[in-house]
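Each chain, written out:
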Amino acid sequence: TVSKPPGRPGFHDVNPQAAGVLQRNGVKSWTKPAPSLYPHQWSWDSAFIALGLAHVDNRRATGELEALFSAQWKTGKVPHIVFDPEAPPKSYFPDAERWNSNGLSEHAPTGPHTSGLCQPPVHALAVRRIWETAQDKDERGVEAAREFLTGNYPRLYSWHRYLSTARDPERSGLVTIYHPWESGTDNSPRWDAPLSRIAIGDIPSYTRYDVQHVADASHRPTDEEYDRFLWLLEMLKKARYEEMDIYGSHPFLVKDVLFSAILVAANEALLEIGAVVGAPAEERAQVEAWIERGREGLEEQWDPALNLCVDRDVLTGESLRVRTVAGFAPLISGGLDERRLKDMLLTLDSEDFAGNPTLHRPLPPSTSPDEPGFHPRSYWRGPVWPVANWLLWWSLLRAGESERAASLRHHTLEELAESGFAEYFEPFTGEPLGSGEQSWTAAIALDMLA
Ligand code: 2M8
């Protein structure tokens, strides 16, 4: 049992509370990431949401992903935001108009308005979870899940193909991102060096609405960071979202190890989905080749001094040597030999991460407190993110590290029981930060509790 302040849910009340968050954030057939800060559909949030919903309501889980995939670009790209035309005006910026995706690119879908970027491909993990949870259902439930897999396998395959080709013309096994927003870890110090090299030109004027939805603007990226984010957006528009043009001219091209590792794990899930739906043998062989190449690419980015994996700036060839949770990429991609697994566990248990004795709970801060770019309250610069805990928990289980996995699960769920489903938490005090009622926080709790 857990000691809890009055009125807060206990460990075992987390499940119905989490389901309630997802219900309240529901919009038509999909779910917004948070009640007011994020009023549209986000790509990897939706994947995590579907993963959680698979334990509650498979119809809603499949609807979530159907809504997202119906906005897939002709190139295979799954956009990072699908805009809700009915969201309150002036609630999120940059909006559909600023992106102007289908005004600029013939590859954009003609119906829904989307951003021009993408986010880590967690989707196949969610689709596999939908298949797994359907096994407890009656024949009709299993059949409905099989139909869903059959309908969505080609979408997943073309999504992964896009990432392995357009986003990896070097065939390095690593995905190139065009913007920190693509990483999902927006203001992480991982991006400080490449962002600092960008010379910003004239940015059309804009108003930030995000800071109005949090208790304190310091939880969010700074205005300087936003200027860079918005300048990169203008550069992408100038290239009309054409991959080759972007690759030839864009000032931010980075090999993201976390994104790449998630792709490897997602490709493993895709192989299993492919087996269920009877995918063509050439495609299955291709997915196996992507998995191998991905793991080799990550090994290339291993930094023995940091005992972590690090990103690489494509434009300078330089490794971005910053200690963040993204450094656990090899653990997430899986298939580690004993030595590398030991390395990863050593770093996870160290004072840089979960073993830091000054932490509120032994949960890894998003950035090591020893990093100069660390900030305990600022977004991806230090706070503990439940969704990152999920990635590590799931990877540890997969690696057979059940004790460490159990500890991450226990402390994550206790944090949520104590303080609710916040977007992120101050690592030394456990104070909830960012948005409250964050959907993916609730979703990962449902998955951990199942
Ligand atoms: C955050 O990113 C958005 C931009 O995409 C923002 O700050 O406005 C990130 O935490 C990202 O990973 C997440 O998908 C999104 C919605 O939860 O919020």
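Residues numbered from 1 in each chain as written. Predicted model: local features only at pLDDT ≥ 70, side-chain atom pairs only at ≥ 80, totals over all residues.

Across its full length, the chain holds 18 helices and 12 strands. For 450 residues, the compact-globule formula gives about 22 Å, and the C-alpha radius of gyration of the chain, at 20 Å, lands near that figure. Dimensions of the chain along its principal axes, counting C-alpha atoms only, are 55 × 55 × 50 Å. Each of the 450 residues in the chain was classed as buried or not, and the buried ones make up 52%. In the chain, the proportion of contacts linking residues at least 24 apart, taken out of those at least 6 apart, comes to 70%. (Helix = DSSP H or I, 4+ residues; strand = E, 2+ residues; numbered from the N terminus. Rg over C-alpha atoms; globule rule 2.2 N^0.38 Å. Buried ≥ 20, exposed ≤ 12 C-beta atoms within 10 Å, placed from the backbone. Contact = placed C-beta atoms within 7 Å.)

In spatial order, the strands read S5-S6-S9-S10; together these 4 strands make up an open sheet with antiparallel pairing. In this open sheet, the two edge strands, each paired with only one partner strand, are strand S5 (175-177) and strand S10 (319-320). In the sheet, strand S9 (residues 311-313) pairs with S10 via 2 bridges, with the strands oriented antiparallel. Opposite Asp 311, over in S10, you have Leu 320 as the bridge partner. (Pairing = 2+ DSSP bridges.)

As a further point, take the environment of Leu 391. Relative to the helices and strands, Leu 391 is located in helix H16 (residues 386-398). When the C-alpha atoms of Leu 391 and Ser 105 are compared, they prove to be 34 Å apart, with 286 residues separating the residues in sequence.

Attention shifts here to the site of the ligand. Taken together, the neighbourhood of the ligand is formed by Pro 33, Tyr 38, Trp 42, Trp 44, Asp 45, His 80, Gln 119, Trp 181, Gly 184, Asp 186 and Asp 210. Looking at the shell around the ligand residue by residue, the classes come out as 5 nonpolar, 3 polar and 3 charged. (Near = placed C-beta within 6 Å. Nonpolar A, V, L, I, M, F, W, Y, C, P; charged D, E, K, R; others polar.)

Another point: helix H17 (residues 402-419). Taking 1.5 Å of rise per residue, 18 residues should cover 26 Å, and H17 covers 26 Å from first to last C-alpha, within 8% of that figure. Considering only its buried residues, H17 is in contact with helix H1 (14-24), H16, strand S11 (424-425), strand S12 (432-433) and helix H18 (439-449). Gly 420, located one to two residues past H17, shows a positive phi value of around 90°. (Expected span 1.5 Å × (residues − 1).)

Here we take up the nonpolar core. Across soluble globular proteins, nonpolar side chains have a tendency to be buried as a group. Within the largest apolar cluster, 123 residues are counted, with the highest numbers of intra-cluster contacts made by Ala 50, Ala 126, Val 127, Ile 130 and Ala 443. Broken down by element, this core gets its largest block of residues, 12 residues, from helix H12 (residues 257-277). Apart from residues no more than four positions distant in its own chain, Ala 50 is found in contact with Ala 61, Glu 64, Leu 65, Ala 126 and Ile 130. (Core = buried A, V, L, I, M, F, W, Y, C linked by C-beta atoms within 7 Å.)

Under the present numbering, the feature "domain: Mannosylglycerate hydrolase MGH1-like glycoside hydrolase" (unreviewed entry) in UniProt falls on residues 38-441. Counting secondary structure, residues 38-441 comes out at 48% helix and 6% strand; the distance between its end C-alpha atoms is 14 Å. (UniProt positions renumbered as here; feature names shortened; annotations may be inferred.)

Considering the arrangement of structural elements, one finds Gly 436 in the loop between S12 and H18. Residues Gly 436 and Glu 292 lie 144 residues apart in sequence; the distance between their C-alpha atoms is 39 Å. Those residues within four positions of Gly 436 in sequence are excluded, and the remaining contacts are Gly 420, Phe 421 and Ala 422.

Low-pLDDT stretches of the model should not have their predicted coordinates read in fine detail. When pLDDT is averaged along the chain, the result is 96, and 98% of the positions lie at 70 or above. Within the model, pLDDT remains below 50 along residues 1-7, and this stretch shows 7 contacts once partners closer than five positions in the same chain are excluded. The ipTM value of the predicted complex is 0.99, and its pTM value is 0.97. (pLDDT = per-residue confidence, 0-100.)

Turning to unusual backbone geometry, a few remarks are in order. Residue Pro 94 is reached from Phe 93 by a cis peptide bond, and omega for that bond is 0°. Mapping Pro 94 onto the fold places it in the loop between strand S4 (81-82) and helix H4 (96-99). Of note, Lys 28 is a non-glycine position whose phi angle comes to about 50°, a positive value. Position of Lys 28 relative to the elements: it lies in the loop between strand S1 (26-27) and strand S2 (30-31). Phi at Asn 100 takes a positive value of approximately 45°, unusual for a residue other than glycine. Judged by local crowding, Asn 100 falls into the partly exposed class, with 17 C-beta atoms found within 10 Å.

Let us now look at H18. For H18, a buried count of 10 out of 11 residues is recorded, marking the element as mostly surrounded by other parts of the structure. The set of residues buried in H18 consists of Ser 439, Trp 440, Thr 441, Ala 442, Ala 443, Ile 444, Ala 445, Leu 446, Asp 447 and Met 448. Tucked into the core, H18 has its buried residues touching H1, S2, helix H2 (43-53), H16 and H17.

This part is about the packing of helix H6 (residues 123-134) against helix H7 (residues 139-165). If you want to describe how two helices pack, look at the angle between their axes and the distance between the axes. Between H6 and H7, whose axes approach to 9 Å, the crossing angle comes to 165°. Comparing the axis directions of H6 and H7 gives the class roughly antiparallel. Relative to H7, the crossing made by H6 is left-handed. On the side of H6, the interface is formed by His 123, Ala 124, Val 127, Ile 130, Trp 131 and Ala 134, while H7 contributes Gly 141, Val 142, Ala 145, Phe 148, Leu 149, Asn 152 and Leu 156. When the residues that make up the contact of H6 with H7 are grouped by side-chain class, the tally is 10 nonpolar, 3 polar and no charged. (Axes fitted to C-alpha atoms, helices over the stretch in contact; angles between N-to-C directions. Parallel < 35°, antiparallel > 145°, perpendicular 65-115°, else oblique. Left-handed = near helix turned anticlockwise from the far one by under 90°.)

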